[in-house]
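So the chains spell out like this:
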Amino acid sequence: MVTVGIEGWRAVPGEGPDFGGVGARMAVTPGAGRGWAADPVLVFGVEAVEVDDGEDRGPAFVAGAGVRKDARRWTLQAEVLHRLLTVEEEPVNGVETGRDAALWEIRVAIGRILG
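What counts as what
- Residues numbered from 1 in each chain as written.
- Predicted model: local features only at pLDDT ≥ 70, side-chain atom pairs only at ≥ 80, totals over all residues.
- Heavy atoms only, no water.
- Helix = DSSP H or I, 4+ residues; strand = E, 2+ residues; numbered from the N terminus.
- Rg over C-alpha atoms; globule rule 2.2 N^0.38 Å.
- Contact = heavy atoms within 4.5 Å.
- Areas by Shrake-Rupley, 256 points an atom, 1.4 Å probe, with all protein chains shown as cover.
- Lys, Arg positive; Asp, Glu negative; His and termini not counted.
- Charge placed at Lys NZ, Arg CZ, Asp CG, Glu CD.
- Pairing = 2+ DSSP bridges.
- Core = buried A, V, L, I, M, F, W, Y, C linked by side-chain atoms within 4.5 Å.
- Buried < 20%, exposed > 50% of the residue type's maximum accessible area, 1.4 Å probe, protein only.
- Salt bridge = Lys/Arg side-chain N within 4 Å of Asp/Glu carboxyl O.
- Patch = residues over 30% accessible without salt bridge, like charges linked within 9 Å, V, L, I, M, F, W, Y side chains within 5 Å.
- Polar contact = N/O pair within 3.5 Å; in protein donor to acceptor, adjacent residues only side chain to side chain.

## A short note on the overall build of the chain
For the chain, the helix and strand inventory stands at zero helices and seven strands. When the helices and strands of the chain are listed from N to C terminus, the series reads β-β-β-β-β-β-β. Taking 2.2 N^0.38 as the reference for a compact globule, 115 residues should give roughly 13 Å; the C-alpha atoms of the chain span a radius of gyration of 17 Å, well beyond that estimate. Once the C-alpha set of the chain is aligned to its principal axes, its extents read approximately 60 × 25 × 25 Å. Taking the contacts inside the chain whose residues are at least 6 apart along the sequence as the reference set, 47% of them involve residues at least 24 apart. Accessible area of the chain: about 7,800 Å², with a carbon and sulfur share of 60%. Between the averaged position of the 12 positive side-chain charges in the chain and that of its 18 negative side-chain charges there is a distance of 18 Å.

## Thoughts on the pairing of strand S2 (residues 19-28)
Summarising the sheet, strand S1 (residues 2-10) and S2 pair through nine bridges and their orientation is antiparallel. Bridge pairing in S2 places threonine 3 opposite alanine 27. Sheet topology note: the S2/strand S3 (residues 39-51) ladder contains 10 bridges and is antiparallel. Counterpart to methionine 26 in the pairing with S3 is phenylalanine 44.

## Brief notes about the nonpolar core
Residues Trp9, Val49, Val51, Ala60, Leu85 and Val87 constitute the largest nonpolar core, which totals six residues. Only S3 and strand S6 (74-92) provide two or more residues apiece to this core. Ala27, Val43, Val62 and Leu81 belong to the second largest nonpolar core, which has five residues in total.

## Side note on the pattern of salt bridges
Any two side chains of opposite charge can pair if their charged atoms end up close together. On inspection of all chains with the given rule, the structure shows eight salt bridges. As a salt-bridge pair, glutamate 47 and arginine 83 come within 2.6 Å of each other at their nearest N and O atoms. On the criterion of sequence distance, the pair formed by glutamate 47 in strand S3 and arginine 83 in strand S6 is long-range, its members being 36 residues apart. As far as the burial class goes, glutamate 47 and arginine 83 line up, both buried. Several salt bridges share partner residues, and in doing so they unite Glu7, Arg25, Glu47, Glu79, Arg83, Glu105 and Arg107 into one network.

## Topic: unusual backbone geometry
Unlike most non-glycine residues, asparagine 93 shows phi in positive territory, near 55 degrees. Relative to the helices and strands, asparagine 93 resides in the loop between S6 and strand S7 (95-112).

## Re a negative patch on the surface
A contiguous patch of negative charge, built from Glu50, Asp56, Glu88 and Glu96, is present on the exposed surface. Relative to the helices and strands, glutamate 96 resides in strand S7.

## Notes on the environment of threonine 86
Along the chain, the position of threonine 86 falls in strand S6. Given the relative accessible area of 33%, threonine 86 is considered partly exposed. Residue contacts for threonine 86: discarding those within four places in its chain leaves Asp56, Arg57, Gly58, Gly98, Arg99 and Asp100. Here aspartate 100 takes part through its side chain, which lies 3.5 Å from a polar atom of the side chain of threonine 86.

Geometry only, nothing functional implied.
In structure tokens form, the structure reads like this:
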């Protein structure tokens, strides 16, 4: 089973700067319908990540894995996601520069199945 969607997220406010993102995401459930207690899920996507720190960022490439449990009217999913992106920095001697950055996320989502 393949699920494709668009999502937006915002980090829980804390000590650091506010950040969030929006992007397209695909979740592949290769073991769907096999009667397992929970199905494995592979997640891939592309996001735009915004951080309130004044730096520009390129697109974030998302990859992750987790488990998913579907019932008649709801779904429960737990994942670990890794976002890899480039933070653009000031040019040095006229050459554009940047550094790689990574964001890790552990998430649990509960969904309602409509229809």
